[in-house]
Amino acid sequence: MSLPSKVKLVDVGPRDGLQNEKQPVPAAVKIELVHRLQDAGLTEIEVTSFVSPKWVPQMADNAEVMAGIRRKPGVRYSVLTPNMQGFEAAVLSKPDEVVVFAAASEAFSQRNINCSIAESIERFRPVVEAARARNIYVRGAISCAVGCPYEGEVAPERVELVARLLKDIGVQHAGVADTVGVGTPLKVRRAMEATLRHYSIDDVSGHFHDTYGQALANTLICLQMGIWQYDTSSAGLGGCPYAKGATGNVATEDVVYLLQGMGIVTGIDLDKLIDAGKFISDFLERKPNSRAATALLNKRAS
Ligand code: HMG
Ligand code: MG
């Protein structure tokens, strides 16, 4: 067991968190959420995605949101770019990082991005080339790394194949995503180990949806492997429109509470983070989907 001494969290709340919301969320609210997250100490924020507005209407204001952000030195802003059309639009917004997203399941690849895994790699290839030529960092996501809403359990060999394909085209980082939130620690560890055959420990991250309440346990087993980068979502917002029934990512607040309790440095101010989660939850007229936030908000109120 080699726990990392510090951890970097990427708050994906503005993107993964909000992409599936049915009610319109104005760009100003998204921008305010980004500002609150950076003020809480987040140094990486996944802001939006440059995908088809017909497929994901909530992200149609991508350029407006990117343009409205007051950039804070030391903070990196990432966006999703599934193809060259998305990349060309995204680049005008000057992201620090772009994310290409592949899947370890053919059915999910088809439903999510309308092409096979092999075709998706060919779509990503020019994106990676163009991004790296401009010194924009390229992260890759491997969706359905333990389970798929259409195909069920996904074998680690499938994850390894996608990790290899992403590595071959020059993707610099691989995020292992439990899109459906069905994973349990040993399965997640196997998916991670498969990815680590092609990526170094410093170039992988975990992205765990919390549908079955396993995301913190999955995070812990990855911490014990020495993995120090995770995607989390403020107030536990989130879900993918093409993974029905999947709930949000693990709440950033819960992961920060876990890490602080273990003496692992995050640079994040939990109180300010809870305020950020409360802000967006109030807008959405619901309670933050975070046990730590709920407990600490109750404590404040008493
Ligand atoms: P397609 O239909 O195969 O694309 O969609 P196409 O190239 O054939 O073009 C068809 C139409 O889409 C054209 O418009 C294009 O202009 C337009 P039309 O002529 O019909 O008016 N188009 C675009 N518009 C804006 N931006 C673009 C773009 N590309 C084409 N980039 C596409 C392919 C990927 C665009 C589509 O399938 C799509 O947008 N899918 C949505 C994917 C998505 O956002 N999913 C959720 C995010 S991924 C996720 O949540 C998982 C993650 O969190 C990790 C995890 O948990 O697993 C990352
Ligand atoms: Mg996700």
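Sequence order as written defines the numbering, with residues in each chain counted from 1. Written order decides the labels, with chains lettered from A and ligands numbered from 1. Given that this is a predicted model, residues contribute local features only at a pLDDT of at least 70 and side-chain atom pairs are listed and counted only at 80 or more, while totals for whole chains, interfaces and linings are drawn from all residues. Side-chain descriptors were evaluated using all non-hydrogen atoms of the structure, hydrogens and water having been removed beforehand.

**Thoughts on the overall build of the chain**
(1) Moving on: Assigned secondary structure in the chain consists of twelve helices and ten strands.
(2) Moving on: This radius of gyration counts C-alpha atoms alone. The globule rule is 2.2 Å times how many residues there are, raised to the power 0.38. Over its C-alpha trace the chain gives a radius of gyration of 17 Å, about what one expects of a compact globule, namely 19 Å for 302 residues.
(3) Moving on: Considering only C-alpha atoms, the chain reaches an extent of 55 × 45 × 35 Å along its principal axes.
(4) Moving on: Burial status follows relative accessibility: with a 1.4 Å probe on protein chains alone, a residue under 20% of its type maximum counts as buried, one over 50% as exposed, and anything between as partly exposed. When each of the 302 residues of the chain is scored for burial, the buried share is 58%.
(5) Moving on: Contacts are assigned to residue pairs that have any heavy atoms within 4.5 Å of one another. For the chain, restricting intrachain contacts to residue pairs at least 6 apart in sequence, the fraction spanning at least 24 positions comes to 74%.
(6) Moving on: In short, Shrake-Rupley with a 1.4 Å probe defines the accessible areas, and a residue's cover is counted only from the protein chains shown. Looking at the chain as shown, the accessible area adds up to about 12400 Å², and 52% of this sits on carbon and sulfur atoms.
(7) Moving on: Averaging the locations of the 33 positively and 34 negatively charged side chains of the chain gives two centres separated by 1 Å. The way it works is that DSSP assigns letters per residue, a run of H or I at least four long becomes a helix, a run of E at least two long becomes a strand, and they are numbered from the N terminus. Positive: Lys, Arg. Negative: Asp, Glu. His and the chain ends are not part of the count. Think of each charge as sitting on NZ of Lys, CZ of Arg, CG of Asp or CD of Glu.

**Details of the pattern of salt bridges**
(1) Moving on: Salt bridge, as applied in this entry: a Lys or Arg side-chain nitrogen positioned within 4 Å of an Asp or Glu carboxyl oxygen. According to the stated counting rule, one finds 20 salt bridges in the structure shown.
(2) Moving on: In this structure, R15 engages D16 in a salt bridge whose closest nitrogen and oxygen atoms are separated by 3.4 Å.
(3) Moving on: R15 sits in the buried class, given a relative accessible area of 7%.
(4) Moving on: In this structure, R139 engages E97 in a salt bridge whose closest nitrogen and oxygen atoms are separated by 2.4 Å. Taken together, the positions of R139 in strand β5 (residues 137–143) and E97 in strand β4 (residues 97–103) put the pair 42 residues apart, joining distant regions of the chain. Here the two residues R139 and E97 agree in accessibility, since each one is buried.
(5) Moving on: Counted as one network, the salt bridges with shared partners bring together K8, R15, D16, E44, E46, R76, E97, R139 and D231.

**Thoughts on the pairing of β5**
(1) Moving on: With six of its seven residues buried, β5 lies for the most part within the structure.
(2) Moving on: For two strands to count as paired, DSSP must find a minimum of two bridges between them. The pairing of β4 with β5 spans seven bridges and is classified as parallel. Its bridge partner being in β5, F101 is matched across the sheet by A141.
(3) Moving on: Note that β5 and strand β8 (residues 173–178) share four bridges and pair parallel. Each residue of the ladder has a partner; that of R139, found in β8, is H173.

**Concerning the packing of helix α7 (residues 156–168) against helix α8 (residues 185–195)**
(1) Moving on: Interaxial angle, 0 to 180 degrees, is taken between N-to-C directions of lines fitted to C-alpha atoms, where a helix line uses only the stretch in contact. Running from amino to carboxyl end, α7 crosses α8 at an angle of 30 degrees, the nearest separation of the two axes being 8 Å. As for how α7 packs across α8, the hand of that crossing is right-handed. For the pair formed by α7 and α8, the contact residues are P156, V159, E160 and A163 on the first element and R190, A191, A194 and T195 on the second.
(2) Moving on: Each residue is assigned to one of three groups, with Ala, Val, Leu, Ile, Met, Phe, Trp, Tyr, Cys and Pro labelled nonpolar, Asp, Glu, Lys and Arg labelled charged, and all others, Gly among them, labelled polar. Residue composition of the contact of α7 with α8, by class: five nonpolar, one polar and two charged. Crossings are assigned a handedness: left-handed for a near helix turned anticlockwise from the far helix by less than a right angle, right-handed for a clockwise turn.

**A word on the coordination of the magnesium ion (ligand 2)**
(1) Moving on: Water is absent from the atoms considered, so a metal site may look incomplete; donors are defined as N, O and S atoms within 2.8 Å of the metal, or 3.2 Å for Na, K and Ca. Surrounding the magnesium ion (ligand 2) are the protein donor atoms D16 (OD), H207 (NE2) and H209 (NE2), at 2.1 to 2.3 Å.
(2) Moving on: Residue H209 is classed as buried on the basis of its relative accessible area of 3%.

**So, the side chain of S143**
(1) Moving on: Tracing the sequence through the fold places S143 in strand β5.
(2) Moving on: Take S143: its relative accessible area is 10%, and that puts it in the buried class.
(3) Moving on: Discounting residues that sit within four places of it in the chain, S143 has contacts with A102, A103, A104, F108, A177 and T179.

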